[in-house]
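Report on the structure
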Amino acid sequence: MRILYAFYLLLNCLDFVKSMYNKSLKLVMRNYTFLLDDEGWMIEGNQRFSTNVLHIPYTFNNEMSHFITGNDSLIHVNPMQGEYTDKSLWYFRSPILNADLSNYKYINFSLSCFSGISNSLNQVDHYIRICGQKAGQCSKYRIIDTFNLTKKWTTFHIPLDNKLLLWTDKFNIIIRNVSYIYILGDWTQWYETIGLDNFFIG
């Protein structure tokens, strides 16, 4: 009997370890440090097709280490009509998540500007979109953190609730089945190069 009981305890222990391992895998998939590669992130928004980000696999300025960058490839402004904000914005796009984020509290990530005109920013109302499974079904968060283009890194903290949304319609549906997350890269009215690092959902 003791042997059977010990075997029973061992099986329960293995099941617990397996469940914790699976949970750790899911947690890892919510965190992107870009240590080895781009981890499936893409550039999307101002061109017909998605393009690859550039993975930087080394340390820069003794502070930035292993990150991804994106570049502007299309400028759509009309100074003659007084329209200086770029109408063709590009974003960093996450890998497909297919995730329920309703139990998560926030998103953190860091941005850095390597080139761009810091005094000519686009007048945009959001800097992150969380999108569901249906096309066009996205929640947009209004800007609350200031991106300092002259600093090496700016860290953003976005609470995952509906208080900062531009609108709350269908948020509870979207947050339970998130497909992609988009982070604004096109902050300036001219060409820029932006780096992204330490994306974390907690």
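Above this text is the structure in question.
Keep in mind that what you see is a predicted model, and the values were worked out from it rather than measured. (Residues numbered from 1 in each chain as written. Predicted model: local features only at pLDDT ≥ 70, side-chain atom pairs only at ≥ 80, totals over all residues. Heavy atoms only, no water.)

1. Observations regarding the state of the cysteines
One way to say it: the disulfide is the covalent bond shared by the sulfur atoms of two cysteines. Scanning the entire structure with this criterion turns up 1 disulfide. In this model, Cys 131 is linked to Cys 138 through a disulfide, with the two sulfur atoms separated by 2.0 Å. Taking the sign of the torsion about the S-S bond as the criterion, the disulfide between Cys 131 and Cys 138, at about 105°, is right-handed. (Disulfide = S-S within 2.5 Å.)

2. Details of the nonpolar core
Counting residues in hydrophobic clusters, the biggest one holds 44 residues, and the most contacted among them are Trp 41, Phe 92, Phe 109, Leu 111 and Ile 181. Only strand S6 (91–93), strand S7 (106–115), strand S8 (126–131), strand S9 (138–142), strand S10 (154–159), helix H2 (171–174), strand S11 (180–184) and strand S12 (193–201) provide two or more residues apiece to this core. Sequence-distant contacts of Phe 109, defined by excluding residues within four places in its chain, comprise Ile 128, Thr 154, Thr 155, Phe 156, Ile 158, Ile 183, Leu 196, Asp 197, Asn 198 and Phe 199. (Core = buried A, V, L, I, M, F, W, Y, C linked by side-chain atoms within 4.5 Å. Buried < 20%, exposed > 50% of the residue type's maximum accessible area, 1.4 Å probe, protein only. Helix = DSSP H or I, 4+ residues; strand = E, 2+ residues; numbered from the N terminus. Contact = heavy atoms within 4.5 Å.)

3. As for the side chain of Ser 110
As for its placement among the helices and strands, Ser 110 is situated in strand S7. Residue Ser 110 is classed as buried on the basis of its relative accessible area, which comes to 8%. Within the structure, the side chain of Ser 110 is placed 3.1 Å from the side chain of Thr 155, a separation counted as a polar contact. When near neighbours in sequence (up to four residues on either side) are disregarded, Ser 110 contacts Trp 153, Thr 154, Thr 155, Gly 195, Leu 196, Asp 197 and Asn 198. (Polar contact = N/O pair within 3.5 Å; in protein donor to acceptor, adjacent residues only side chain to side chain.)

4. Details of the pattern of salt bridges
Evaluation of the coordinates by the stated rule reveals 1 salt bridge. Two residues, Arg 93 and Glu 44, come together in a salt bridge whose shortest N-O distance is 2.8 Å. Placement of the pair is Arg 93 in strand S6 and Glu 44 in strand S2 (residues 42–44), with a sequence separation of 49 residues. According to the relative accessible area criterion, Arg 93 is buried, its value standing at 14%. (Salt bridge = Lys/Arg side-chain N within 4 Å of Asp/Glu carboxyl O.)

5. So, the packing of aromatic side chains
Scanning all chains against the criterion turns up 16 aromatic pairs. Ring geometry for Phe 109 and Phe 199: centres 6.4 Å apart, planes at 20°, overall stacked. A residue pair is termed long-range when its members are at least 10 positions apart, and Phe 109 in strand S7 and Phe 199 in strand S12 qualify at 90 residues. When sorted by exposure, Phe 109 lands in the same class as Phe 199, which is buried. Of the aromatic side chains, those joined through ring pairs into one cluster are Tyr 32, Phe 34, Trp 41, Phe 109, Tyr 127, Phe 156, Trp 187 and Phe 199. Over the ring of Tyr 91 we find Arg 129; its NZ or CZ atom is 4.6 Å from the centre of that ring. (Phe/Tyr/Trp six-rings, centres within 6.5 Å; stacked < 30°, edge-to-face > 60°. Lys NZ or Arg CZ within 6 Å of the ring centre and 35° of its normal.)

Honestly, that's just the spatial picture; any functional story needs more than this.
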